[in-house]
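One letter stands for each residue in the lines below.
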Amino acid sequence: QLRFVESGGGLVQPGGSLRLSCAASDFNLDRYTIGWFRQVPGKEPVGVSCISSGGDNTYYLDSVKGRFTISRDNAKDTVYLQMNGLKPEDTGVYYCVTSPPIITAPLAICNSGRRRPPDQGTQVIVSS
């Protein structure tokens, strides 16, 4: 299973910003559509934003549209999630997932309901 190393989470006040990073662990991610998911205890994981391998096709959860921006740097094998205007409901553990390269549509990744792999994720807490 392909794994990632996420970073950039933290505690931030409502209205604040964070930039999350997701680095591929021991593989080149340039062929893969990548998704950022959020998991909250007691709730199903949610696909927040996903990006195609070339970065030209993206998907955003309705609640984050206009506030979050997903991007990628394939030369650095890293995907980013810029989070602005954070709200308490954005709180959760954020992690990255992917699927075999044959699955190219960001919506397909974001709708996959993928659970957080062990030892992956970065915690985001939005609270005053």
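Just above sits the structure.
Residues numbered from 1 in each chain as written. Predicted model: local features only at pLDDT ≥ 70, side-chain atom pairs only at ≥ 80, totals over all residues. Heavy atoms only, no water.

Student: Before we move on, can you summarise the sheet that holds strand S10 (residues 122–126) with the specific residues and values?
Tutor: Working definition: the strands of a sheet are paired by backbone hydrogen bonds and lie parallel or antiparallel to each other. Sheet architecture is open: six strands sit in the order S2-S10-S9-S4-S5-S6, paired in mixed fashion. Every other strand in the sheet has two partners, leaving strand S2 (10–12) and strand S6 (58–60) as the edge strands with one partner each. Recorded for the sheet is a direction-independent mean angle of 25 degrees between the axes of neighbouring strands. Taken together, the six bridges between strand S4 (residues 34–39) and strand S9 (residues 92–98) define a ladder with antiparallel strand orientation. (Pairing = 2+ DSSP bridges. Helix = DSSP H or I, 4+ residues; strand = E, 2+ residues; numbered from the N terminus. Axes fitted to C-alpha atoms, helices over the stretch in contact; angles between N-to-C directions.)

Student: Talk me through the pairing of strand S1 (residues 3–7); I want residue IDs and the actual numbers.
Tutor: Covered by surrounding structure in S1 are Phe4 and Glu6 only, the residues Arg3, Val5 and Ser7 on the alternate face being uncovered. The sheet contact formed by S1 and strand S3 (residues 18–25) spans five bridges and is antiparallel. Bridging across to S3, Arg3 finds its partner in Ser25. (Buried < 20%, exposed > 50% of the residue type's maximum accessible area, 1.4 Å probe, protein only.)

Student: Give a description of the sheet that holds strand S7 (residues 68–73) that names residues and reports values.
Tutor: Reading across the sheet, the four strands line up as S1-S3-S8-S7 and stay open at both edges, with antiparallel pairing between neighbours. Edge positions in the sheet fall to S1 and S7, since each of these pairs with one other strand and no more. Put simply, the sheet's adjacent strands are angled 20 degrees from each other on average, direction ignored. As paired strands, S7 and strand S8 (residues 78–83) are joined by six bridges and run antiparallel to one another. In the sheet register, Arg72 faces S8, and the bridge partner there is Val79.

Student: Outline the state of the cysteines, supporting the account with residue identities and numerical values.
Tutor: Considering all chains together, one arrives at two disulfides under this definition. Across a sulfur-sulfur distance of 2.0 Å, Cys50 and Cys110 are joined as a disulfide pair. Every disulfide takes its handedness from the sign of the S-S torsion; for Cys50 and Cys110 that torsion is 105 degrees, giving right-handed. Of the two residues, Cys50 sits in strand S5 (residues 46–51) while Cys110 sits in helix H1 (residues 106–110), which places them 60 residues apart along the sequence. (Disulfide = S-S within 2.5 Å.)

Student: I'd like to hear about the pairing of S10, residue by residue, with values.
Tutor: Alternating positions in S10 separate cleanly, Thr122, Val124 and Val126 being buried on one face and Gln123 and Ile125 remaining unburied on the opposite face. Pairing analysis gives three bridges linking S2 to S10, with the strands arranged parallel. Within S10, the position partnered with Val12 by the bridge is Val126.

Student: I'd like a rundown of the nonpolar core, residues and numbers included.
Tutor: The biggest cluster of nonpolar side chains holds 26 residues, and the ones touching the most others in it are Ile34, Trp36, Phe68, Val79, Leu81, Met83 and Tyr94. Only S3, S4, S5, S7, S8, S9 and S10 provide two or more residues apiece to this core. Apart from the residues within four sequence positions on either side, Met83 is in contact with Gly16, Ser17, Leu18, Leu20, Arg67, Phe68, Tyr94 and Val124. Listed in part, the six residues of the second largest apolar core include Tyr95, Val97, Ile109 and Cys110. (Core = buried A, V, L, I, M, F, W, Y, C linked by side-chain atoms within 4.5 Å. Contact = heavy atoms within 4.5 Å.)

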